[in-house]
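Topology and contacts: notes
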Amino acid sequence: MSLFNIFNVAGSAMSAQSQRLNVVASNIANADSTTSSTGQAYKAKQVVFQAVPMATPEAAGVKVQQVVEDASPPKMVFDPKHPQADEQGYVAMPNVNVVEEMVNMISASRSYQTNVETMNAAKTLLMKTLALGQ
Amino acid sequence: MIGKLDEHLRFNEAALNLRAQRQQLLASNIANADTPNFKARDIDFNKALQGALTKGGSSQAPAPALAKTATVHLSSRNGNAVGDAPLQYRKEQQGNIDGNTVNMDVERNQFTDNAIRYEAGLTLINAQIKKMLSAIQGQ
């Protein structure tokens, strides 16, 4: 029954989008973390989505293929009093672009909402199909 | 007699089945709106319905499927088609830098349209069933 499969498709998209939202939250939360477990400034992370075939060939779900670290250089801020400052007095700040992350957050939550609506529509159709002939 | 009942409902049943499959196709387009290099797909519903009706249910035996030894192997049985209509790629209206061709407005529009038509199909079948019931009961 292909309508049931919509739940799998939309559900996979919802979990992928919520993982993206999770990464965005981590990036925003660490926008000022000058040190991390590696001793370096925190590096922004991004998710990479991939389409995966579901039960039938015409349906494609989504999964997070990998989480990549942003390769752009850290922002150097002049602050000689900072404990992490180097000899020249510069502190390496994370390469998180807060504006980009906010846009990413809105995009992820809107996509999530759209998939919830898709699921709701499928549910309505299924309920009406069940009531057939009554 | 039962065969005639079946015949009576077959058109709407085929239409409903195809609508459900198309709904799934549109749902996966919407789900992959942010996937790089994903190409939005759809079917020619008219062609699919004609194909489903001319095939006449079980008169044609399906071709035997090839054995798959790895998950990446493609399906042999007419994999990229719904009914008789091949899956087609949607024409791109505004290019996307990540190679994704899902246009959310078009997809949502088609999704809602398809859902309404599915419900219309349900209403028609319901009416047919009511008609048959009143004919059987004769009241």
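Residues numbered from 1 in each chain as written. Chains lettered and ligands numbered in written order. Predicted model: local features only at pLDDT ≥ 70, side-chain atom pairs only at ≥ 80, totals over all residues. Heavy atoms only, no water.

A look at the interface of chain A and chain B
It is common to report an interface's size as the accessible area lost on association of the parts. Keep this limit in mind: Contacts are assigned to residue pairs that have any heavy atoms within 4.5 Å of one another. The buried area of a pairing is the accessible area, by a 1.4 Å probe, that goes missing from both parts when the two are put together, added over both. By definition, a salt bridge exists where a carboxyl oxygen of Asp or Glu is found within 4 Å of a side-chain nitrogen of Lys or Arg. We define a polar contact as two N or O atoms separated by no more than 3.5 Å, with the added condition that, inside protein, one atom must be a possible hydrogen donor and the other a possible acceptor, whereas residues neighbouring each other in sequence contribute only through side-chain atom pairs. Helix and strand labels come from DSSP, where a helix needs a run of H or I of at least four residues and a strand needs a run of E of at least two; each type is numbered from the N terminus.
Taken residue by residue, the interface counts 34 residues in chain A and 32 residues in chain B. Across the chain A to chain B interface the summed buried area is about 2,600 Å²; carbon plus sulfur atoms make up 61%. A salt bridge links R20 of chain A to D34 of chain B; the nearest nitrogen and oxygen atoms lie 3.0 Å apart. Joining chain A to chain B, the criterion identifies eight residue pairs in polar contact (both at pLDDT 80 or more). Looking at the side of chain A that touches chain B, the elements that each hand over two or more residues are helix 1 (2–29), strand 1 (45–53), strand 2 (60–69) and helix 2 (98–130) of chain A.

Considering the UniProt feature "domain: Flagellar basal body rod protein N-terminal" (unreviewed entry) in chain B
In plain terms, the rule: UniProt positions are given in the numbering used here, feature names are shortened, and annotations may be inferred rather than shown by experiment.
Under the present numbering, the feature "domain: Flagellar basal body rod protein N-terminal" (unreviewed entry) in UniProt falls on residues 9–39 of chain B. Structurally, residues 9–39 of chain B is divided into 74% helix and 0% strand, and its ends, taken at the C-alpha atoms, are 35 Å apart.

Overview of the confidence of the model for chain A
In plain terms, the rule: Residue-level confidence of the predictor is what pLDDT reports, using numbers from 0 through 100.
Put simply, chain A has an average pLDDT of 91, and 100% of its residues get 70 or more. Here strand 3 (residues 75–78) of chain A stands out as the element of chain A with the lowest mean pLDDT, 91, in contrast to helix 2 of chain A, whose mean of 94 is the highest.

Quick notes on the packing of helix 1 (residues 2–31) of chain B against helix 3 (residues 104–137) of chain B
All names here are of chain B. To keep it simple, the criterion reads: Axis definition: a line fitted to C-alpha atoms, over the contacting stretch in the case of helices. Angles run 0 to 180 degrees between N-to-C directions. Orientation categories follow fixed angle ranges, with anything under 35 degrees roughly parallel, anything over 145 roughly antiparallel, 65 to 115 roughly perpendicular, and all other angles oblique. By convention the crossing between two helices is left-handed if the near helix lies anticlockwise of the far one by an angle smaller than a right angle, and right-handed if it lies clockwise. Amino acids outside the nonpolar list (Ala, Val, Leu, Ile, Met, Phe, Trp, Tyr, Cys, Pro) and the charged list (Asp, Glu, Lys, Arg) are all regarded as polar, and Gly is one of them.
Helix 3 packs onto helix 1 with a crossing angle of 160 degrees between their chain directions and a minimal axis gap of 9 Å. Of the possible angle classes, the one that applies to helix 1 and helix 3 is roughly antiparallel. The two elements helix 1 and helix 3 meet at a crossing, and its hand is left-handed. In terms of residue class, the contact of helix 1 with helix 3 is made up of 15 nonpolar, eight polar and seven charged.

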